[in-house]
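# Working through the structure, step by step
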Amino acid sequence: MNAPLRRARIDLDAYRSNLDLVRGWMEPVEVMAIMKADAYGHGLEPIALAAVDAGVRWIGVLTVPAALRLRSIGIGEDVHLFTWQHDPALDFRDAIDSAIDLGVSNAAELQRIVDAVDQRPARVHLGVDSGLHRDGATVDAWPELVSLAVDAQRAGRIEVVAAYTHLAESSDDDDSAAVAAFDRAVEVAEDLGLDLPMEHVAASLAGLERKEFRKDMVRMGANLFGMPGADGVSAADLGLEPVMTLTASVAKTKRVPVDTGVSYDYTYRTAAETTLALVPVGYADGVPRAAQGRIEVTIGGKRYPIAGRVAMDQFLVDVGDDEVRVGDTVVLFGTGEHGEMTVLEWGAALGTIGEEVTCRIGARVPREVVGHEVGGRVGDYLREQP
Amino acid sequence: MSAFTGITVDREALIANYVTVSERVSPAGVIAVVKANAYGHGAVHAARAFVDAGAEWLGVADVDEGIALRRAGIDEGVRILAWLHAPDEDFRRAAQYGITPAVSSVSQLAAAADSEVPEVHVCVDTGLSRNGAVESEWAELFATAGRIARSGGRTRVEGLMSHLSNASRADDLDQDAALQRARDGLAANGIVPEIVHLAASAASIALPETRHDAARVGLALYGLSPLPDRSAADLGLRPAMRVTAAVLRTVPVAAGEGVSYGYTWRAETDTRLAVIGLGYADGFDRGLGDRVSVRIGDRRFPVVGRVAMNAMHVDIGDADVSVGDEAVLWGDPADGDPAVEEWATAIDTINYEVVARIGRSVERRTT
């Protein structure tokens, strides 16, 4: 069909362009492309294949099951897949067999990994909790974790690849304190006889703004999807391109008189005789119910506010006397080049960040991948999908 | 044994709710609404439970959702109604898969007839201004329906539907009166629909006169109350969704230390945090920190700090909580679990949105 109800267009050219730009900025530091949460809602497999085709050799995916999905579509062991959040019930054997890189937060977790080793040693990144308090070992627990790692490495059970931490990005001072804590932890590890081939601490925001935090590798997520994190900085300011464009087709138009109540609870009433256009995307699809009064969509390049409550499957816009027809394309967010809001503007309008918006675009919205015609593995992968 | 991280949907609760709702609205029937992945509960599982409980009708938003149910084995003995259509929907797939379209315009009605869909429902706008033909379009739409009926083609108008705004009792009754005008308009063209349906969950309880031949019930079947002043238990319903997460880690923090991105929360005293592996990508708002609590064991503990993409923090103080323990985000308050409405109130929305937005990445299991 030419006019699907809803669609998220995923532009791999934009992703590749962002990747080139970011790698140029970070040169000579390695970039790990972060693709947790199904590539921030963009769809993991096409993004990962595009990144690998572009030469990326480090990918971060949060969990072992996600990493195994990538191995299963032919992403080989020349690409390191970093995971760092593990279910307490996870059996690490498949991860170790598939050479998945495992972030480890404490001695008990490392012991479970060591116990799961059969033939090949497990690839391990030791996590330091430098203040975010999410993963990694606290300063107090760090020596125990390191000592176990030293022993396990000597026994050939693990290969320690790196030490890492996550920054809280609360303030420059807090992040400096966190990196100082990380550096002390690295010294402690060295004093305990552990050689750490790599260190990685910075993600998208700190990687751009705090050059001294780049260490051996920077973990880049949001920037690669065209969603820079600094306040007041647009993607265009940095030369980044938003990767996801969310569109829908006008499913119905209707002419209604003045003072017509619109949608649940009649929170919007028409100010004059007007045309309402029905947009078949709702809060089940990731357009928050709170979007009324905050979000504008474009039809034919012109902005229209959401009229009335967003419902589960749909909302309405008041298009006045404009010529809007069933089947016309509604752009909810995109690159901004045609007058539409960007996902960063959505985040700001909704009191959150772009990542929350893209991650929550729901399963009912098909991802249409464009920019795979250049050849390489993405096109092959997409052709094999039903 | 480590706790399950994800959603558990209680099949027995779905069945019990269907029975409760059926008895309440009887002699009207029930169209069990399973759109939007059954409000986040898993469409196929929910549809099977309702069918096993006796459902003869399922409601979905679009034809694709209906096809997914057919492909999962919901056989054509069970009717499926869909009312939100793509602009160029030609209804051939609807005919092929036995999906009954509700049509909102002359062009949709004509397309359905051309595709030889056996039955259609006519959808009219009685005030919500959403789907449905507006009153000024009725004459032409009903005349077209009359012509199609007289033409001896395969397609017949089986039903008439509209949707209430829940703005007020008076507004809803105005809509009911408008629906009667639509009924009269169809009758003037020789069509008497067998199934007239207007009320959804809220009105099916609060405004019995709007039940007509069937109520389209979604939320109440999942065991949640559609009414702000009545709890699920008040209505004899059992919440079917339980969201749990395993504690991934416990970590001590000292007084004054910040937690999670932006350090939006700082510990007032020395305490401990539990990290659980659900975050905003999974459907739990980034801004929920400091506004909700989870149950671990028999106690409640507050969620603190920014909710991250795939994790959130819980302040557990000196409680006996360890890795692998179960944190309950919400479930059935009758079992002591937090109510989903607590999460809805915390972010100024309704229970519908909280359950419907649970992400596709979250594991769902059924009992």
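What counts and what doesn't
Residues numbered from 1 in each chain as written. Chains lettered and ligands numbered in written order. Predicted model: local features only at pLDDT ≥ 70, side-chain atom pairs only at ≥ 80, totals over all residues. Helix = DSSP H or I, 4+ residues; strand = E, 2+ residues; numbered from the N terminus. Rg over C-alpha atoms; globule rule 2.2 N^0.38 Å. Buried ≥ 20, exposed ≤ 12 C-beta atoms within 10 Å, placed from the backbone. Contact = placed C-beta atoms within 7 Å. Domains from an automatic or database assignment. Nonpolar A, V, L, I, M, F, W, Y, C, P; charged D, E, K, R; others polar. Pairing = 2+ DSSP bridges. Right-handed = clockwise from strand over helix to strand, strands pointing away. Core = buried A, V, L, I, M, F, W, Y, C linked by C-beta atoms within 7 Å. Axes fitted to C-alpha atoms, helices over the stretch in contact; angles between N-to-C directions. Parallel < 35°, antiparallel > 145°, perpendicular 65-115°, else oblique. Left-handed = near helix turned anticlockwise from the far one by under 90°. pLDDT = per-residue confidence, 0-100.

## Quick look at the overall build of chain A
Looking only at helices and strands, one finds 13 helices and 19 strands in chain A. Computed over its C-alpha atoms, the radius of gyration of chain A comes to 24 Å, within 12% of the 21 Å expected for a compact globule of 386 residues. C-alpha atoms of chain A, sized along the principal axes, occupy 80 × 45 × 40 Å. Across the 386 residues of chain A, 56% fall into the buried class.

## Let's talk about the overall build of chain B
The helix and strand tally for chain B stands at eleven helices and 18 strands. Expressed as lengths along the three principal axes of its C-alpha atoms, the size of chain B is roughly 80 × 40 × 35 Å. Expressed as a percentage of the 367 residues in chain B, the buried residues total 59%. Taking contacts inside chain B between residues at least 6 apart in sequence as the whole, the part at least 24 apart equals 62%.

## Focus: the domain arrangement of chain A
Residue and element names in this part refer to chain A. Segmentation of chain A into domains returns domain 1 (12–225) and domain 2 (244–370). Put simply, the middle of domain 1 and the middle of domain 2, counted by C-alpha atoms, are 38 Å apart. Each partner contributes to the interface: domain 1 provides nine residues, whereas domain 2 provides ten residues. Of the residues contributing to the side of domain 1 that touches domain 2, the split by class is six nonpolar, three polar and no charged.

## Details of the interface of chain B and chain A
The partner chain A presents 61 residues to the 60 residues of chain B that form the contact. Elements with a minimum of two residues in the side of chain B that touches chain A: helix H2 (35–39), strand S10 (241–253), strand S11 (258–259), strand S13 (271–276) and helix H11 (351–356) of chain B. For the side of chain B that touches chain A, the residue count by class is 26 nonpolar, 22 polar and twelve charged.

## A few points about the domain arrangement of chain B
Residues and elements named next belong to chain B. As assigned here, chain B comprises domain 1 (11–231) and domain 2 (241–366). A C-alpha centroid distance of 37 Å is found between domain 1 and domain 2. Counting from both sides, the interface comprises ten residues of domain 1 and, opposite them, ten residues of domain 2. In terms of residue class, the side of domain 1 that touches domain 2 is made up of five nonpolar, four polar and one charged.

## Here's the deal with the environment of B:Ala232
All names here are of chain B. In this structure, Ala232 sits in the loop between strand S9 (214–217) and S10. For Ala232, a count of 25 C-beta atoms within 10 Å puts it in the buried group. C-alpha separation for the pair Ala232 and Ala334, spaced 102 residues apart in sequence, amounts to 9.5 Å. Look past the residues within four positions of Ala232 in its chain and what remains in contact with it is Gly223, Leu224, Ser225, Leu237, Arg238 and Pro239.

## Focus on the pairing of strand S6 (residues 119–123) of chain B
All names here are of chain B. Taking burial as the measure, the five residues of S6 include four buried ones, the bulk of the element. Summarising the sheet, strand S5 (residues 99–103) and S6 pair through two bridges and their orientation is parallel. Looking across to S6, one finds that Ala102 is bridged to His121. Where S6 meets strand S7 (residues 156–161), five bridges bridge the pair, whose relative direction is parallel. When the bridges of S7 are listed, Glu119 appears paired with Arg156. Handedness of the S6-helix H7 (residues 135–150)-S7 crossover: right-handed.

## A closer look at the nonpolar core
Counting 265 residues, the largest nonpolar core has A:Ala33, A:Ile59, A:Val124, B:Ala32, B:Phe50 and B:Ile276 as the members making the most contacts within it. Per element, the largest residue contribution to this core is eight residues, and it comes from S10(B).

## Overview of the packing of helix H6 (residues 106–114) of chain B against H7(B)
Residue and element names in this part refer to chain B. Two elements in contact, H6 and H7, have axes whose closest approach is 9 Å; the angle formed by their N-to-C orientations is 15°. The orientation of H6 with respect to H7, classified from their angle, is roughly parallel. Considering how the two elements wind past one another, H6 and H7 form a crossing that is right-handed. Touching Val106, Leu109, Ala110 and Ala113 of H6 are Glu140, Leu141, Thr144, Ala145 and Ile148, all from H7. Taken together, the residues that form the contact of H6 with H7 break down as seven nonpolar, one polar and one charged.

## Things to note about the confidence of the model for chain B
This prediction gives chain B a mean pLDDT of 96; 100% of its residues lie at or above 70. Predicted complex metrics record ipTM = 0.95 and pTM = 0.96.

## Thoughts on the packing of helix H1 (residues 11–25) of chain B against helix H3 (residues 43–52) of chain B
All names here are of chain B. Contact pair H1 / H3: the axes reach a minimum separation of 9 Å and the direction vectors enclose 50°. The pairing of H1 with H3 is recorded here as oblique in orientation. Handedness of the H1/H3 crossing: right-handed. Each of Arg11, Leu14, Ile15 and Tyr18 in H1 lies in contact with H3, whose residues at this interface are Ala46, Ala49, Phe50 and Asp52. When the residues that make up the contact of H1 with H3 are grouped by side-chain class, the tally is six nonpolar, no polar and two charged.

## Points about unusual backbone geometry
Backbone torsion omega between A:Glu27 and A:Pro28 reads 5°, so that peptide bond is classified as cis. A cis amide bond, omega 15°, links B:Ser26 with the succeeding residue B:Pro27. Backbone geometry at B:Asn37 places phi at a positive 55°, although glycine is not the residue there. With respect to the element layout, B:Asn37 can be found in helix H2. You will see that B:Ala38, though not glycine, has its phi angle at about 55°, which is positive. Note that B:Ala38 resides in helix H2.

## Thoughts on the sheet that holds strand S14 (residues 274–279) of chain A
Residue and element names in this part refer to chain A. Taken in spatial order, the nine strands line up as S11-S14-S17-S16-S15-S18-S10-S1-S19 in an open sheet, and their pairing is mixed. The outermost strands of the open sheet, each flanked by one partner alone, are strand S11 (252–256) and strand S19 (367–370). When strand polarity is set aside, the average angle formed by the axes of neighbouring strands in this sheet is 35°. Along the sheet, helix H1 (residues 12–26) makes contact with strand S1 (6–11) and S19, crossing S1 at roughly 35°.

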